[in-house]
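# Secondary and tertiary structure notes
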Amino acid sequence: LITNLKPVPRGTEGAISLEGTLASVVGGLSLAVYAYLVVGLIPTLQSVGIATFAAFFATMVESLIGATLQEKEGMGWMTNEVVNFLNTLIGAVVAMTLGVMMLGM
């Protein structure tokens, strides 16, 4: 569990694993490299690093939200879709903020 790093059953909200964490980094890096090399949406290699970090950070926050808020009393509106939306929003905000701070974009 992301809040205490103790083992929990698979599928538990907020659970993290080495495999899942590595997959999130590889996934974020793969998309950033694709956006850099193929699509041209990311202008520099430093931007690839920022996008990869933002994706990783957002994934960790998503797990934290799952562990602390999702499926809690009175939080019935906090569905997987809402948590996924927050993940995307957090990743975008982190990427844009770091882009402005580090690259002046």
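Overview of the structure. (Residues numbered from 1 in each chain as written. Predicted model: local features only at pLDDT ≥ 70, side-chain atom pairs only at ≥ 80, totals over all residues. Heavy atoms only, no water.)

Helix and strand counts for the protein chain come out as 3 helices and 0 strands. Seen in sequence order, the protein chain has helices and strands lined up from the N terminus as α-α-α. Sorting the 105 residues of the protein chain into buried and exposed places 29% on the buried side. Considering only residue pairs separated by 6 or more positions, the protein chain has 57% of its internal contacts joining residues 24 or more positions apart. (Helix = DSSP H or I, 4+ residues; strand = E, 2+ residues; numbered from the N terminus. Buried < 20%, exposed > 50% of the residue type's maximum accessible area, 1.4 Å probe, protein only. Contact = heavy atoms within 4.5 Å.)

Here we come to the environment of Thr-21. Relative to the helices and strands, Thr-21 is located in helix H1 (residues 18–39). Remark: the alpha-carbon pair of Thr-21 and Phe-53, spanning 32 residues in sequence, is separated by 12 Å. Residue contacts for Thr-21: discarding those within four places in its chain leaves Ile-16, Phe-56 and Met-60.

On to the packing of H1 against helix H2 (residues 45–68). Interhelical geometry of H1 versus H2 gives an angle of 145° and a closest axis separation of 8 Å. H1 and H2 meet at a crossing whose hand is right-handed. Of H2, the residues touching H1 (which contributes Thr-21, Ser-24, Val-25, Gly-28, Leu-29, Ala-32, Val-33 and Tyr-36) are Leu-45, Val-48, Ala-51, Thr-52, Ala-55, Phe-56, Thr-59 and Met-60. Considering only residue class, the contact of H1 with H2 consists of 11 nonpolar, 5 polar and no charged. (Axes fitted to C-alpha atoms, helices over the stretch in contact; angles between N-to-C directions. Left-handed = near helix turned anticlockwise from the far one by under 90°. Nonpolar A, V, L, I, M, F, W, Y, C, P; charged D, E, K, R; others polar.)

Attention now goes to H1. Here H1 is 22 residues long and its end C-alpha atoms lie 30 Å apart, about the 32 Å a rise of 1.5 Å per residue gives. Along H1, the positions that sit buried rather than exposed are Thr-21, Ser-24, Gly-28, Ala-32 and Ala-35. Along H1, the residues classed as buried sweep out an arc of 65° about the axis, all on the same side. With respect to the buried face of H1, the exposed residues turned more than 90 degrees away are Leu-18, Glu-19, Val-26, Leu-37 and Val-38. Looking at the buried side of H1, the elements it contacts are H2. Once H1 finishes, Gly-40 follows within two positions and takes phi at roughly 80°, a positive value. (Expected span 1.5 Å × (residues − 1). Arc of directions from axis to C-beta.)

That is the geometry; function is a separate question.
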